[in-house]
Every structure is written in structure tokens, then in C-alpha cells.
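# Structure at a glance
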Amino acid sequence: MKYVTHLQKDKKLAPAITEPYHELKLHKNIPLHLMASIMSQQLNTKVADIIYRRFLELYDKKEPTCQQVLDTPFATLRAIGLSNAKVRYVQNVAQFCIEHKITDKKLLAMTDEDIQELLKQIKGVGQWTVEMLLMFTLGREDIFSPGDLGLQNAIVKLYRLKTDDKKKLREKILKISAKWSPYRTYACLHLWQWKDNKPVV
């Protein structure tokens, strides 16, 4: 894994770059994954999985098209456990993808920056949501999510950073993460892994 050697050059990050090593995968039906990401916001993984399973059951356990989602009554989507806001945001994604003819092929041909600029136009889709989509659905290798609290906490502990000045902290985190390019996504994966499995001292 090329990224391992590169990231281990950062001696403070190195303790977090341990097995299991990661391999990014590209997933099909990117618009649907964006909807799923919205559904899972602020939920633990187990609850998010249940809601997404109920969502697919509305379509005979098959992945729906954007038009099918748009044709689904508001109350039906509410009934699977989505809030009013999340139903609107999911519908916003479906509507936007139809209007702008968003396809996997179109997104895969775009740069990370262009994808962020395009998708953040959708009400309900923020920076973090697009960053997660780039990492976990499009398999882009050089994405960092400075607003992710888990990543912030892991970096603060590994690098023993002061947290009293939020602006300085963000600048420091961005400076540190720049050294990990072009493999920042892998650094994020290992930091999340380290945060969840680090030994209690």
C-alpha cells in the first residue's frame, strides 16, 4: 500500500497507521448514496442502517431512481423514520439530480472541487456530506474533512494541540493535514480507526 509509507513519514501520525490497511472502493448510483448520507446524518450506524433498509423496502429492496424517490409520497418517506427536514432534503437531491442530469459518469469525470461546488447547491447538502461522498462513494484518495469532530479530536490528541483558540486550531489542523496529501482520505480512515480503538491510559 503506497499510502502507508507516505503517511508514516509523519512521526506523530505513524502510530495510527496500523493494520487493517484500507482500500477505497467506487460505488455505483452516486445520487442514491448522497440521499443515504443525508438520511444517516446525526444518527448512529445501527439506526441509519435500519432506516436505509426500510427505504429500500419501499421499492421492493431495489435501488430506486431519482424519479421514483420524487414520486414517493412525503408521508411514506416520513413513515420510515425520517424527519420532515430530511424528507425535503432527500427530495431536493432527487430533484436536483434530475434537473442537472447528474449521473455516475458525469460525476466521475469531474474534479473533487467541481463536485463539491455542484452538489453544495442542493439545500440540505453541506461540506461534510459532500466530503463523505467523495471518500466513501467515489473513492477519492485526497480528501480531508476539517469540520469532522472525530478527526479533530484524534488530531488534537495525537499532536497534543491546544484547543482554546478555535481559529488557530483549524489553521494548525489544515497545515498538518496538508503534509498527508495526496493520501489524506487514508489518513482520515486511520484517524477514525485510531480514535475508536486507541488504548485507554
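See the structure printed just above.
Nothing here was measured: the structure is a model prediction, and the numbers come from that model.

### Digging into the environment of isoleucine 80
Of note, isoleucine 80 is situated in the loop between α5 (74-78) and α6 (84-99). A relative accessible area of 4% places isoleucine 80 in the buried class. Isoleucine 80 sits 13 residues away from valine 93 along the chain, and the two C-alpha atoms are 18 Å apart. When near neighbours in sequence (up to four residues on either side) are disregarded, isoleucine 80 contacts Ile51, Arg54, Phe55 and Leu58.

### With respect to the layout of surface pockets
In this approach, a probe sized like a water molecule rolls over the atoms, and the result shows the empty space that is left. Counted as a void, the largest pocket has a volume near 640 Å³. Lining the largest pocket are 19 residues, and of these Ala36, Ser37, Ser40, Ala48 and Trp128 sit closest to its centre. Sorting elements by how many residues they give to the lining of the largest pocket places helix α2 (residues 30-40) first, with five residues. Of the residues belonging to the lining of the largest pocket, the class tally is nine nonpolar, nine polar and one charged. Approximately 190 Å³ is the volume attributed to the second largest pocket. Residue assignment for the lining of the second largest pocket shows that the elements contributing at least two residues are α8 (112-119) and α9 (127-136). Tallied by class, residues from the lining of the second largest pocket come to four nonpolar, four polar and six charged.

### Quick notes on the pattern of salt bridges
Tallied over the full model, the rule gives four salt bridges. A salt bridge links lysine 195 to aspartate 196, with the nearest nitrogen and oxygen atoms 3.3 Å apart. Lysine 195 sits in the partly exposed class, given a relative accessible area of 27%. By relative accessible area, which is 58% here, aspartate 196 ends up exposed.

### A look at the nonpolar core
Residues Leu7, Leu13, Met35, Phe55, Leu119, Ile155 and Trp180 are the most contacted members of the largest nonpolar core, which totals 63 residues. Residue contacts for leucine 119: discarding those within four places in its chain leaves Leu34, Val125, Val130 and Leu133.

### Points about helix α11 (residues 166-178)
Compared with an ideal rise of 1.5 Å per residue, which puts 13 residues at 18 Å, α11 spans 18 Å between its outermost C-alpha atoms and is within 8% of the ideal. All of the buried residues in α11 are Leu169, Ile173, Ile176 and Ser177. Down the axis, α11 shows its buried residues gathered within 95° of arc, on one side only. The outward face of α11, more than 90 degrees from its buried face, is lined by the exposed residues Lys167, Lys168 and Lys175. Taking the backbone nitrogen of lysine 167 as reference, a side-chain oxygen 3.1 Å away marks aspartate 165 as the first, capping residue of α11.

### A short note on the packing of aromatic side chains
Using the criterion set out here, one finds seven aromatic pairs in the structure. Centroid distance tyrosine 3 to tyrosine 21: 6.4 Å. Interplanar angle 90°. Geometry classified as edge-to-face. On the criterion of sequence distance, the pair formed by tyrosine 3 in helix α1 (residues 2-7) and tyrosine 21 in the loop between α1 and α2 is long-range, its members being 18 residues apart. In this structure tyrosine 21 comes out as partly exposed when scored by relative accessible area, which is 35%. Taken together, a centroid distance of 5.3 Å and an interplanar angle of 70° make the contact between phenylalanine 55 and tyrosine 59 edge-to-face. No difference in accessibility class separates phenylalanine 55 from tyrosine 59, as the two residues are buried. In this structure an aromatic cluster arises from ring pairing among Tyr3, Tyr21, Tyr183 and Tyr186.

What counts and what doesn't
- Residues numbered from 1 in each chain as written.
- Predicted model: local features only at pLDDT ≥ 70, side-chain atom pairs only at ≥ 80, totals over all residues.
- Heavy atoms only, no water.
- Helix = DSSP H or I, 4+ residues; strand = E, 2+ residues; numbered from the N terminus.
- Buried < 20%, exposed > 50% of the residue type's maximum accessible area, 1.4 Å probe, protein only.
- Contact = heavy atoms within 4.5 Å.
- 1 Å grid on protein atoms, 1.4 Å probe; cavity = no way out; pocket = protein on both sides within 12 Å on 5 of 7 lines; lining within 4 Å.
- Points joined across faces, edges and corners; volume = space filled by probe spheres on them.
- Nonpolar A, V, L, I, M, F, W, Y, C, P; charged D, E, K, R; others polar.
- Salt bridge = Lys/Arg side-chain N within 4 Å of Asp/Glu carboxyl O.
- Core = buried A, V, L, I, M, F, W, Y, C linked by side-chain atoms within 4.5 Å.
- Expected span 1.5 Å × (residues − 1).
- Arc of directions from axis to C-beta.
- Polar contact = N/O pair within 3.5 Å; in protein donor to acceptor, adjacent residues only side chain to side chain.
- Phe/Tyr/Trp six-rings, centres within 6.5 Å; stacked < 30°, edge-to-face > 60°.

That's the geometry; what it means functionally is another story.
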